[in-house]
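Residues per chain, in single letters:
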Amino acid sequence: VLKSGGVLGQAGDWLQWGIDGAAKGVEHTYDGLSGLLNYKKLQKQRKEALELASRQQWQLMHLQSDRTKEREEMEQAARERAREIEKHLAHLNQMKKERDAAQANWRQQSNALSTQTGRFKEKEEEVERLRVEAEKMAFQEAAALSALEALREKHLLQQEEGRTRALQMEERERELRHQQEQQQRQIDALKERLVQMEEATRQLANDAEEKDEELPDEFYCPITMELMSDPVLAADGFSYERAAIQDWIDKGHVTSPKTGAVLENQALHLNLSLRSLIQDRMARRRERDGAAAAAWEGRGDASVPDL
């Protein structure tokens with residue numbers, strides 16, 4: 001009987017030790033779940049930052065392509081204007097030659113007519129005609145010179161506009177590169193934080209495995225209050241048993257069973273991390289309970305006397 005009393009006392013001590021360890025285990029489990037949620041949040045931020053950097057890279061490439069295309073168009077327009085100016089210059093030179101020839105002819109005819117005024121009246125008419133043609137050519141030459149000057153001014157204005165647009169595009173390109181560098185620094189910082197969170201999560205998991213823990217409340221469905229076997233994550237940020245939350249939604253509910261707030265959407269996502277934690281914890285509990293039962297049966301056979 002004394003031996004039986006000692007065994008019972010020792011069992012009570014073990015039970016008290018198990019309760020204390022369970023309380024500490026719940027605290028570590030809460031820290032681990034918080035770290036897991038922060039880790040997922042950082043993963044989402046990293047994904048958004050990468051998508052933003054990709055969109056900015058695409059915009060930069062598109063801007064560079066537009067700049068190259070516009071530069072080629074400006075060069076083509078400049079070549080066409082140069083060809084047009086050369087054509088006008090050639091035409092102007094031809095008109096000058098024709099004017100010089102006409103003036104020379106007019107002077108020659110005038111000199112000839114000055115000596116034959118009385119006899120060759122018809123020659124005066126020819127001289128007048130040649131003079132009118134010369135004046136007409138002079139007017140055409142002045143118009144051509146004016147058009148040429150207008151073309152030169154237009155060409156200079158377009159060149160100035162092209163330089164201004166090129167400077168604006170270069171400034172925009174520098175801004176995009178600066179934004180891309182900032183996004184890359186943010187991505188590097190997020191990567192470093194993810195590594196730290198992964199290390200902290202692994203440390204918490206290792207600490208939890210070394211202790212004898214009770215199951216935390218997060219392992220139980222807020223609707224059925226039973227241990228979850230297929231946990232899913234809803235839009236309110238809480239995990240539920242898939243069948244229970246699906247039945248809740250099918251019945252027409254649009255609010256969170258946990259908080260009462262309106263759900264942003266009805267999408268359900270499998271919570272693999274929580275399911276793995278539940279399965280691992282239950283496996284360890286079964287192994288621990290089996291070992292404890294075997295040890296208890298062995299001690300009982302050795303200490304209880306036969307009556």
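Along each chain, numbering runs from 1 in the same order as the chain's sequence is written. Thresholds applied to this predicted model are a pLDDT of at least 70 for local features of residues and 80 or more for the giving and counting of side-chain atom pairs; totals over whole chains, interfaces and linings are not thresholded and use all residues. For the side-chain quantities, the full set of heavy atoms in the structure was used; hydrogens and water were omitted.

**Considering the confidence of the model for the chain**
Here is step 1: Residue-level confidence of the predictor is what pLDDT reports, using numbers from 0 through 100. Residues at a pLDDT of 70 or more form 87% of the chain, whose mean pLDDT is 83.
Here is step 2: Runs of E in the DSSP output that reach at least two residues are strands. Runs of H or I that reach at least four are helices, and both are numbered from the N terminus. Averaged over each element, pLDDT in the chain is lowest for helix H4 (residues 272–303) (78) and highest for strand E2 (residues 239–241) (96).
Here is step 3: Only heavy atoms matter for contacts: two residues are in contact if any of them lie within 4.5 Å across the pair. Segment residues 302–307: pLDDT under 50, and three contacts once partners within four positions in sequence are set aside and those in other chains are kept.

**Considerations on the environment of Thr255**
Here is step 1: With respect to the helices, strands and loops of the structure, Thr255 is situated in the loop between helix H3 (242–250) and strand E3 (269–270).
Here is step 2: As for Thr255 and Asp236, which are separated by 19 residues in sequence, their C-alpha atoms are 8.9 Å apart.
Here is step 3: Non-local contacts of Thr255, meaning those with residues more than four positions away in its chain, are made with Trp248, Gly260, Ala261, Val262 and Leu263.

**Let's talk about unusual backbone geometry**
Peptide bonds are mostly trans, and most non-glycine residues show a negative phi.
Here is step 1: Its identity is not glycine, yet Met225 carries a phi of approximately 60°, on the positive side.
Here is step 2: Tracing the sequence through the fold places Met225 in the loop between helix H2 (121–209) and strand E1 (231–233).

**Overview of the sheet that holds E2**
Adjacent strands of a sheet pair through backbone hydrogen bonds, lying either parallel or antiparallel.
Here is step 1: Any two strands with at least two DSSP-identified bridges between them are counted as paired. As summarised here, the arrangement of the three strands in space is E2-E1-E3, forming an open sheet in which the pairing is antiparallel. Across the chains shown, the open sheet's two edge strands, defined by having one partner strand only, are E2 and E3.
Here is step 2: Axis angles are defined between N-to-C directions and span 0 to 180 degrees, where every axis is a line fitted to C-alpha atoms and, for a helix, only to the segment in contact. Contacts from H3 reach E1, E2 and E3, with the element oriented near 95° to E2.

**Points about the environment of Glu124**
Here is step 1: The topology assignment puts Glu124 in helix H2.
Here is step 2: Each C-alpha atom of the pair Glu124 and Ala112 lies 9.9 Å from the other, and the pair is twelve residues apart in sequence.
Here is step 3: Leave out the neighbours within four places in its chain, and Glu124 touches Leu113 and Thr117.

**Let's talk about the nonpolar core**
Within soluble globular proteins, side chains that are nonpolar generally end up buried alongside one another.
Here is step 1: Remark: nonpolar core denotes a set of buried residues (Ala, Val, Leu, Ile, Met, Phe, Trp, Tyr, Cys) joined through side-chain atoms within 4.5 Å. Type-normalised accessible area, obtained with a 1.4 Å probe on protein chains alone, sets the label of each residue: buried when under 20%, exposed when over 50%, and partly exposed for intermediate values. The biggest cluster of nonpolar side chains holds 14 residues, and the ones touching the most others in it are Ile245, Leu268 and Ile278.
Here is step 2: If you list the elements that add at least two residues to this core, you get H3 and H4.
Here is step 3: With sequence-adjacent residues up to four places away left out, Ile245 is seen in contact with Ile223, Val232, Tyr240, Pro257 and Leu268.

**Observations concerning the pattern of salt bridges**
Here is step 1: Salt bridges, as used here, are contacts in which a Lys or Arg side-chain nitrogen is within 4 Å of a carboxyl oxygen on Asp or Glu. Per the stated rule, a full pass over the model turns up 15 salt bridges.
Here is step 2: The salt bridge partner of Glu70 is Arg165, with a shortest N-O separation of 2.7 Å. Of the two residues, Glu70 is situated in helix H1 (residues 2–115) and Arg165 in helix H2; the sequence distance between them amounts to 95 residues.
Here is step 3: Taking the relative accessible area as the measure of exposure, Arg165 reaches 35% and is therefore partly exposed.
Here is step 4: Arg172 is the partner of Glu175 in a salt bridge, and the nearest nitrogen-oxygen pair spans 3.6 Å. One end of the pair, Glu175, and the other, Arg172, are both in helix H2, three residues apart, so they sit about a helical turn from each other.
Here is step 5: In this structure Glu175 comes out as partly exposed when scored by relative accessible area, which is 36%.
Here is step 6: By relative accessible area, which is 37% here, Arg172 ends up partly exposed.
Here is step 7: Within this structure, Arg67, Glu170, Glu173 and Arg177 form a network of salt bridges that share partners.

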